[in-house]
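Here's the letter readout for the chains.
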Amino acid sequence: MTLDVDAPRSLYLQLADVLAGQIEAGTYGPGDRIPSVRKLRDQFGVSLTTVLEACRVLEDRGLVEARAQSGHYVRPRRPPLRSEPEESKPSSGAKRVDASLAVKLNLGIGNPQEPTLGAAVQGPELMPVAALNRLLGHVLRHQPAACHSYDAPPGSPVLRRSIAQRGGDAGYAVSADDIVITSGAKEAVYLSIRAVTRAGDTVAIESPAYYALLEVLSSLGLRALEISSHPRHGINLDDLAGALESQPVAAVALVSNFSNPTGSCMSDEDKRRLVALLDRHDVPLVEDDVYGELVYEGPRPRAIKAFDSRGLVLYCSSYSKTVSPGLRVGWAIPGRYQNEVELLKLVVNQATAVAPQLALAAFLDSGGCDRHIRRVRRTYRDQMASMIDAVERQFPDSTRLTRPRGGHVLWVQLPDGVDAMDLHAAAERSGIRIAPGPMFSPSGGYGNFIRLNTGFPWSETTERQMATLGQLVADRSR
Ligand SMILES: Cc1ncc(COP(=O)(O)O)c(C=O)c1O
């Protein structure tokens, strides 16, 4: 077996692919030691560094673990104990959105942030706080005039260039001029939806859907058309095609990779099919991709934007999940709606604060950002594994749960008869916050689902909270 030195894919990734294939095929089973780094070096005729990088990639993918002084061993794969929820069956017809529940329920977003199972937020351990503080201090000291002046849309050219350069990771090729900096992904989604709709229009959304999207639709007087979605593969494209055939739809909106709340991730084939469908009907898509970078293993999934040649996709993302939500830096790539989004940004809040934009640009351009993202992917993977393990140990057998391959939210279907709102109230009395399913539906659906946040390091408190929650569920399922 040889590697191709002329291929665009780096040698270490090629080597990792070969080894991953052998693990997949059972050549090396759980607990087996893969050949030593020296042996791999000689076998494949590459440098030790290349082999070590390949092993690191396999660790990142969760396929092997390093044992001190001993080598790399294939990690055990435990079969899942609980099944996953079925594809959703939302109520049909476009309806006005009642997002009051989402607004009313305090999910535990606070400042400073306490660990919570409710809001989809991460702990400071998952953020490069020291590096960001240094860079913020640096830009404030060295560029005080820039930092304290108004910026204008589309935002800092340096940051837009850095973001454009990193677009290849998500499969899209854009220039700095195609990007509008926003105050977080939430603003990018808000401006994008506003740019392509008018009050009374219908927006087709995946169901369940990110509750802040529902708040946007509600605040703009839009109707939501819920489309069934699979907890692993995302929106059902046949159902979406049927909806686009049968009624006027102003836009489609969804989270393409590791959606909130299900963690679903669309395949490349579905992404391509979706773009073709949108092209056929000339309907824009607001794509939210805040979690794409947080893939646990393997390459980062591509954005739907990667398949868009006609500018119908308004891509929205941010550095809130990967770097820091408090910096409030996100961006939109609005395609053919660039002018509308830039104008709306100007109208809504002129521009995003300059110092965070410049500090972030410096962080992105340092090797530190890639190292940081590689590190947090592993941490998120481990935290998710701990949460899944806790649900399997503590919740009744008939509980179902998703198995996200990225991000930090877990979607749990409670046993029949357990009401998520009642559970939410009981949990809150015990000092535990969770996100009840009805928050993720414009019509109060998902009454026996909850979403759990896995953004904090596992602790004794989390273990205790999960035991209490499991008991509360068991009490209600009898
Ligand atoms: C799907 C999704 N989009 C957007 C956001 C918010 O992003 P930002 O903090 O960058 O506005 C979140 C936060 O939970 C999210 O889950």
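This text follows the structure it describes.
Residues numbered from 1 in each chain as written. Predicted model: local features only at pLDDT ≥ 70, side-chain atom pairs only at ≥ 80, totals over all residues. Heavy atoms only, no water.

1. Comments concerning the overall build of the chain
Which entries qualify depends on this criterion: Numbered from the N terminus, helices here are DSSP runs of H or I no shorter than four residues, and strands are runs of E no shorter than two. Atoms counted for the radius of gyration: C-alpha only. Globule rule: 2.2 Å times the number of residues to the power 0.38. Categorising residues by exposure relies on relative accessible area from a 1.4 Å probe, with only protein chains included: less than 20% of the type maximum marks a residue as buried, more than 50% marks it as exposed, and the intermediate range marks it as partly exposed. The criterion used for residue contact is that any of the two residues' heavy atoms lie within 4.5 Å. Computed with the Shrake-Rupley method and a 1.4 Å probe, the accessible areas treat only the protein chains shown as cover for residues.
Tallying secondary structure elements over the chain gives 16 helices and 15 strands in all. Relative to its length of 478 residues, the chain is compact, with a C-alpha radius of gyration of 23 Å against a globular reference of 23 Å. Dimensions of the chain along its principal axes, counting C-alpha atoms only, are 65 × 65 × 45 Å. Residues classed as buried in the chain amount to 58% of the 478 residues present. Sequence-distant contacts, at least 24 apart, represent 75% of the contacts inside the chain between residues at least 6 apart. Surface summary for the chain: the accessible area is close to 20100 Å², and the carbon and sulfur share equals 50%.

2. Re helix α8 (residues 184–196)
So the rule is basically this: Under the convention used throughout, the expected extent of a helix is 1.5 Å for every residue step, that is, one less than its residue count.
Taking 1.5 Å per residue as the helical rise, α8 with its 13 residues ought to reach 18 Å, and the 19 Å between its terminal C-alpha atoms agrees with that figure. The buried count for α8 comes to 10 of 13 residues, which makes it a mostly enclosed element.

3. Quick look at the pattern of salt bridges
To keep things clear, this is the line we draw: Put simply, a salt bridge is a Lys or Arg side-chain nitrogen that is within 4 Å of an Asp or Glu carboxyl oxygen.
Per the counting criterion, the structure on display carries 24 salt bridges. Measuring nitrogen to oxygen at the nearest pair gives 3.5 Å for the salt bridge that ties R300 to E293. A relative accessible area of 17% means that E293 is categorised as buried. For the salt bridge of R393 with D389, the shortest nitrogen-to-oxygen distance reads 3.1 Å. Here D389 and R393 lie together in helix α14 (residues 368–394), a separation of four residues that amounts to about one turn. Given a relative accessible area of 45%, R393 falls into the partly exposed group. Each of D279, D282, R310 and R336 takes part in one network of salt bridges that share partners.

4. Description of the packing of helix α2 (residues 37–44) against helix α3 (residues 48–60)
The test is simple: Helix axes use the C-alpha atoms of the stretch in contact, all axes being lines fitted to C-alpha atoms, and the angles between their N-to-C directions lie in the range 0 to 180 degrees. Two helices crossing with the near one rotated counterclockwise from the far one by less than a right angle form a left-handed crossing, whereas a clockwise rotation gives a right-handed crossing. Classes in brief: Ala, Val, Leu, Ile, Met, Phe, Trp, Tyr, Cys and Pro nonpolar; Asp, Glu, Lys and Arg charged; the others, Gly included, polar.
Interaxial distance between α2 and α3 falls to 9 Å at its minimum, and their mutual angle equals 115°. Along this stretch, α2 crosses α3, giving a crossing that reads as right-handed. Together, V37, R38, L40 and R41 of α2 and L48, V51, L52 and C55 of α3 make up the contact between the two elements. Tallied by class, residues from the contact of α2 with α3 come to six nonpolar, no polar and two charged.

5. Some remarks on the packing of aromatic side chains
Which entries qualify depends on this criterion: Aromatic pairs are defined between Phe, Tyr and Trp rings, using the six-membered ring for Trp, whenever the two ring centres lie within 6.5 Å; interplanar angles under 30 degrees are classed as stacked, those over 60 as edge-to-face, and all others as tilted.
Tallied over the entire structure, the rule returns nine aromatic pairs. With a centroid separation of 5.6 Å and an interplanar angle of 55°, the aromatic rings of Y210 and Y211 are classed as tilted. Overall, the relative accessible area of 11% leaves Y211 in the buried class. Plain terms: the ring middles of W411 and F440 are 5.5 Å apart, the flat faces sit at 85° to each other, and that makes the pair edge-to-face.

6. Re a nonpolar patch on the surface
Rule in force here: In this analysis, a patch consists of residues with relative accessible area above 30% that form no salt bridge, clustered at 9 Å for like charges and at 5 Å for the nonpolar side chains Val, Leu, Ile, Met, Phe, Trp and Tyr.
On the surface, a nonpolar cluster with roughly 340 Å² of combined accessible area is contributed by L343, L346, V347 and V348. Within the fold, V347 resides in helix α12 (residues 338–349). The exposed category is assigned to V347, whose relative accessible area is 58%.

7. Things to note about the pairing of strand β1 (residues 64–67)
For clarity, the cut-off: Should DSSP find at least two bridges between two strands, the strands are regarded as paired.
With four bridges connecting them, β1 and strand β2 (residues 71–74) associate as antiparallel partners. Its bridge partner being in β2, V64 is matched across the sheet by V74. Between the end of β1 and the start of β2, which pair antiparallel, lie three residues, with Q69 showing a positive phi angle near 60°.

8. Notes on empty space enclosed by the protein
Which entries qualify depends on this criterion: Using only the protein atoms, space was sampled on a 1 Å grid; points where a 1.4 Å probe fits but cannot get out form cavities, open sets with protein on both sides within 12 Å along at least five of seven lines form pockets, and lining residues are those with an atom within 4 Å of a point. Grid points are joined across faces, edges and corners, and a volume is the space filled by probe spheres set on the points.
All chains considered together, the criterion is met by five cavities of 30 Å³ or more. Roughly 150 Å³ of volume is contained in the largest cavity. Together, 16 residues line the largest cavity, and E293, R300, Y315, Y319 and W331 are the ones closest to its centre. Of all the secondary structure elements, the ones that give two or more residues to the lining of the largest cavity are α7 (157–166) and β10 (313–318). At three residues, β10 tops the list of elements feeding residues into the lining of the largest cavity. Partitioned by chemical class, the residues of the lining of the largest cavity number seven nonpolar, four polar and five charged. There is about 60 Å³ of room inside the second largest cavity. Together, P85, E86, S88, P208, S229, H230, P231, T262, W411, Y446 and F449 line the second largest cavity. In terms of residue class, the lining of the second largest cavity is built from six nonpolar, four polar and one charged.

9. Section: unusual backbone geometry
Leaving glycine aside, a negative phi is the common case for residues, and trans is the common case for peptide bonds. For the bond from P153 to P154, the omega torsion is 10°, close enough to zero to count as cis. Looking at the element boundaries, P154 is found in the loop between α6 (144–147) and α7. The phi dihedral of D282 falls on the positive side, at around 55°, and the residue is not glycine. Inspection of the secondary structure puts D282 in the loop between α11 (268–281) and β9 (285–288). Phi at Q350 is positive, roughly 65°, even though this residue is not glycine. Structurally, the position occupied by Q350 is in the loop between α12 and α13 (354–365). You can call Q350 partly exposed: its relative accessible area is 27%.

10. Here's the deal with the sheet that holds strand β12 (residues 400–401)
The strands that make up a sheet pair up through hydrogen bonds in the backbone, lying either parallel or antiparallel. Taking strand neighbours across the sheet as the criterion, the four strands line up as β12-β13-β15-β14 in an open arrangement whose pairing is antiparallel. Two strands in the sheet have a free side with no partner beyond their single neighbour: β12 and β14 (435–436). Bridge analysis of strand β13 (residues 409–413) against strand β15 (residues 449–453) gives five bridges, and the strand direction is antiparallel. Bridge assignment links Q413 to a residue of β15, and that residue is F449.

11. Looking at the layout of surface pockets
Its boundaries defined by the atoms lining it, the second largest pocket holds a volume of some 850 Å³. Per element, the largest residue contribution to the lining of the second largest pocket is four residues, and it comes from α8. Class assignment of the residues belonging to the lining of the second largest pocket gives a composition of 19 nonpolar, 11 polar and six charged.

Shape is all these values report; function is a separate question.
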